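Working through the structure, step by step
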Amino acid sequence: MSSKIESSKGKHDEGVSNPSDNRPFHDILAAHLSRRTVLTGGLAVAATTVFGAAGTALAAPGRADDDRGRRRDDRRRFRRLMDFRPVKVADGSGPLPSISADYEYQVMIPWGEPLEPGGPAYVQVDFENPGDTDFADLAERQTRQIGIGHDGMTYFPIDRKRGGRDRDGNAGNDHGVLCINHEFGDNNQVIGVPQGQLPVSLDQVRRSQHAHGVSVVEIKKVGGIWQQVKSDFARRIHVNTPVTFSGPVAGHPLLDTPNGNVPLGTANNCANGETPWGTYLTCEENFNGYFGATNAEQPWVPTEAQLRYGFSQAGFGYGWHTVDRRFDLSDQDYVNEENRFGWVVEIDPFDATQTPVKRTALGRFKHEGATVAIGRGGRVVVYMGDDEVFDYIYKFVSADNWQAMLARGESPLDRGTLYAARFDDNGTGEWLPLTMGNPAIAAKFSDMGEVLTFTRLAADAAGATPMDRPEWSAIGPGGTVYFTLTNNSGRTVPDAANPLAPNPDGHIIRFKDSADHTGLRFDWEIFLIAEDTHGTEDTFSDPDGLFADPDGRLFIETDGGQKDGLNNQLLVADTRTGELRRLFTGVTGDEITGLTMTPDRRTLFINTQHPGNGNPNLTNFPVLNAVPDGVTVPRDATFVITR
Ligand code: FEO
Ligand code: CA
Ligand code: CA
């Protein structure tokens, strides 16, 4: 066993370093890993797809007579699941992406492109003389352009809307609507304001705000190339778009401001989800960092809840609050404005006139994603992570069958129970209800409006297990739920579910919920520990984006400092054995995130976020210069990957 844990810090992991190499839970881990076959469900058999056929010759789990037979079956299965040549570590660095020799990629919808053909063209800020830039014009254009910080996304086939075929007779595999999140963009890249300096005008901040949020774009494959088309559905939802609240907190005084301003905007849209009724869920994550305090009227004195949610006087340095009073925590006209962020927001991809709805029953925290399952009795279950060191994993269970609720004119996301997870060291766990019926909750809160607005405090009171930054979740074959725990350099005391202290490179946990996702108990185990892959061709760190396909592949995207000079990457894991194969690496300084497929699974979409960290000396992507020119600012973009 290694006696020294390497220190590696990804861009989001500036946590406390800890010299301890205490790892007392490796024994427990071994026990959990050996239970793997208990959790693995039956294999779904799919038709041939871009990711290879999971053929009928595969053995079912546990069919092999002995270990040797099982290993042989596993090898055969892996070859079928991972029918592609991997990107080698040596080829996965530098200013340009690399992809498996069996695949190709196309670049689509970079930041600043028009939302539809004929829209306003991208204009790069004059970085030498940013003062010469007409930011009012750039801000207005940005409302009709693709946003920045590409993140979670869902492809909705056009035939969901148009009765099976589009106007040209194509099935939705070649024509759809892409809903894509825009999480963040550095001020340097967006408005030419260097790190450490503040924006000087509201027009600058408006460009930044309009670059955040969600894009809805209609895309179509024409002559083998995916392109945007003129669309009735195309729209931008950003920080100043009118929104509405629904569920238990709607109408609660905690969402009212003294000046009575209407609710506006969604921000820091990270991962995502998709409902069985065909809507898109976008999740608000790092909203705390976009507020700050000028103390212009009176000094800001943070509340318990504001501290728990990480609000600070300077925020993350974006400085919106210095010119937009709405984001000034010390402005007495906007008390409670910050309570309007940190929610899961529902968007109809096929109705550009719909007002986005913040679904308050799903709680308020730094939402990473919202992965939806249909549970027992047709209830919808939403799995969600709160991406902060020592924060929690949650699930929401609707009160009733989703179709029955919709038939009554009620959203299945408006009434139900929110739970936080407690992971016990014996490999089981319990979902703790965040309801007034829970004595630990009733002792601290006076109504569900408070509980759901201050979800973190409620989960603290309920006794949830602090995790190593829960990011994305995915549901694999047999209903097994996977969560990435991206890293936690500040952990000093390990537990069975977070067994490394510190944990600079992260791990992936998985669990099987009782009662078809709706029960109070679950069985869990560690699926992968990033550190265990270091020094091998399969090395990865900081798992973040996650997607499971019905054949038993788990797609893992990374965001953080990879080993051996690797750029961030997309790997595919066999959910049975944990074996990995690298499909794609991004460009220097980026993060690989967002993952969706066409229904036939022949086309995969992923994103590069913050390529080169916005620095044109590192990469000019999507301009494919092997030697960066130092002038052309890199732009976040979507990759279309095909065999
Ligand atoms: Fe937006 Fe936690 O990643
Ligand atoms: Ca993430
Ligand atoms: Ca991350």
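Counting of residues starts from 1 at the beginning of each chain's written sequence and follows it residue by residue. The order in which chains are written sets their letters, starting at A; the order in which ligands are written sets their numbers, starting at 1. Local features in a predicted model are, by the rule used here, given only for residues with pLDDT of at least 70; side-chain atom pairs are given and counted only at 80 or more, and totals for whole chains, interfaces and linings are based on all residues. Water and hydrogen atoms play no part in the side-chain values, which are based on all heavy atoms of the structure.

**Some points on the coordination of the calcium ion (ligand 3)**
- Metal donors were taken as nitrogen, oxygen and sulfur atoms no farther than 2.8 Å from the ion, or 3.2 Å where the ion is Na, K or Ca. Water is excluded, so coordination may look unfinished. Looking at the metal site, the calcium ion (ligand 3) is ligated by E471 (OE), D544 (OD) and D559 (OD), spaced 2.3 to 2.4 Å from it.
- Each donor residue of the calcium ion (ligand 3) belongs to the same chain, with the gaps between them written as E-x72-D-x14-D.
- In this structure, the calcium ion (ligand 3) lies 3.6 Å from the calcium ion (ligand 2), and both are coordinated by E471. Taken together, the residues E471 in strand 20 (residues 470-475) and D544 in strand 24 (residues 543-548) connect sequence positions 73 residues apart. Here E471 matches D544 in class, with each residue buried. Numbering of helices and strands runs from the N terminus, with a helix taken as a DSSP run of H or I at least four residues long and a strand as a DSSP run of E at least two residues long. Note on exposure labels: buried denotes an accessible area under 20% of the residue type's maximum, exposed denotes more than 50%, and partly exposed covers the range between, all computed with a 1.4 Å probe on protein chains only.

**Some points on the pattern of salt bridges**
- One speaks of a salt bridge when a side-chain nitrogen belonging to Lys or Arg is within 4 Å of a carboxyl oxygen belonging to Asp or Glu. Under the definition given, this model contains 43 salt bridges.
- Note that K358 and E284 form a salt bridge whose closest N and O atoms lie 2.7 Å from each other. Placement of the pair is K358 in strand 12 (residues 357-359) and E284 in strand 10 (residues 280-284), with a sequence separation of 74 residues. No difference in accessibility class separates K358 from E284, as the two residues are buried.

**Observations concerning the sheet that holds strand 9 (residues 269-274)**
- If DSSP finds at least two bridges between two strands, the strands pair. Pairing in this open sheet of five strands is mixed, and the strands run 8-12-11-10-9 from one edge to the other. Each edge of the open sheet carries a strand with a single partner, namely strand 8 (244-246) and strand 9. Pairs of neighbouring strands in the sheet enclose a mean axial angle of 35°, with direction left out of account.
- Both strand 11 (residues 344-347) and strand 12 contribute to a ladder of three bridges, which runs antiparallel. From the neighbouring strand, V344 faces strand 12, where its bridge partner is R359. Interaxial angle, 0 to 180 degrees, is taken between N-to-C directions of lines fitted to C-alpha atoms, where a helix line uses only the stretch in contact.

**Remarks on the coordination of the calcium ion (ligand 2)**
- For the calcium ion (ligand 2), the full set of protein donor atoms is E368 (OE), E471 (OE), D544 (OD) and D544 (OD), at a range of 2.2 to 2.5 Å.
- One chain supplies every donor for the calcium ion (ligand 2), spaced along it as E-x102-E-x72-D.

**Structural notes on the side chain of R456**
- Mapped onto the elements of the fold, R456 is located in helix 12 (residues 455-462).
- Within 3.5 Å is the distance limit for a polar contact, defined as a pair of N or O atoms, with the added protein rule that one can donate a hydrogen and the other accept it, and that residues adjacent in sequence qualify only through two side-chain atoms. Only 2.8 Å separates the side chain of R456 from the side chain of D386, close enough to count as a polar contact.

**Notes on the pairing of strand 13 (residues 371-374)**
- The pairing of strand 13 with strand 14 (residues 379-385) spans four bridges and is antiparallel. Looking at the pairing, A373 lines up with V381 of strand 14.
- Between strand 13 and strand 14, which pair antiparallel in sequence order, lie four residues; one of them, G377, sits at a positive phi of approximately 70°.

**So, the confidence of the model for the chain**
- This prediction gives the chain a mean pLDDT of 89; 88% of its residues lie at or above 70.
- For the chain, the element scoring lowest by mean pLDDT is helix 2 (residues 36-39), at 29; strand 12 scores highest, at 99.
- Per-residue confidence from the predictor is given as pLDDT, running between 0 and 100. Pairs of residues are marked as contacts when any of their non-hydrogen atoms sit within 4.5 Å. Below pLDDT 50 for its whole length, residues 1-64 participates in 144 contacts with residues either more than four positions away or in separate chains.

**Brief notes about the environment of G561**
- Note on placement: G561 falls in the loop between strand 25 (553-558) and strand 26 (569-574).
- With a relative accessible area of 23%, G561 lands in the partly exposed category.
- Along the primary structure G561 and G589 are separated by 28 residues, whereas in three dimensions their C-alpha atoms are 9.0 Å apart.

**What about the pairing of strand 20?**
- Counted residue by residue, strand 20 has five buried out of six residues, so it is predominantly covered.
- Pairing geometry for strand 20 and strand 21 (residues 481-485), over four bridges, is antiparallel. Within the sheet, the bridge partner assigned to S473 lies in strand 21 and is F483.
- Connecting strand 20 to the antiparallel partner strand 21 that follows it, the hairpin turn spans five residues, and G478 within it adopts a positive phi of roughly 75°.

**What to know about unusual backbone geometry**
- At the junction of A501 and P502, the peptide bond is cis and its omega measures out at 0° in the coordinates.
- Inspection of the secondary structure puts P502 in the loop between strand 21 and strand 22 (507-513).
- The residue after F621, namely P622, is reached through a cis peptide bond having omega 10°.
- Mapped onto the elements, P622 comes out in the loop between strand 29 (604-609) and strand 30 (637-642).
- Despite not being glycine, N268 has its phi angle at roughly 60°, a positive value.
- Within the secondary structure layout, N268 lies in the loop between strand 8 and strand 9.
- Backbone geometry places R469, a non-glycine residue, at a positive phi of 65°.
- Using a relative accessible area of 7% as the deciding quantity, one classes R469 as buried.

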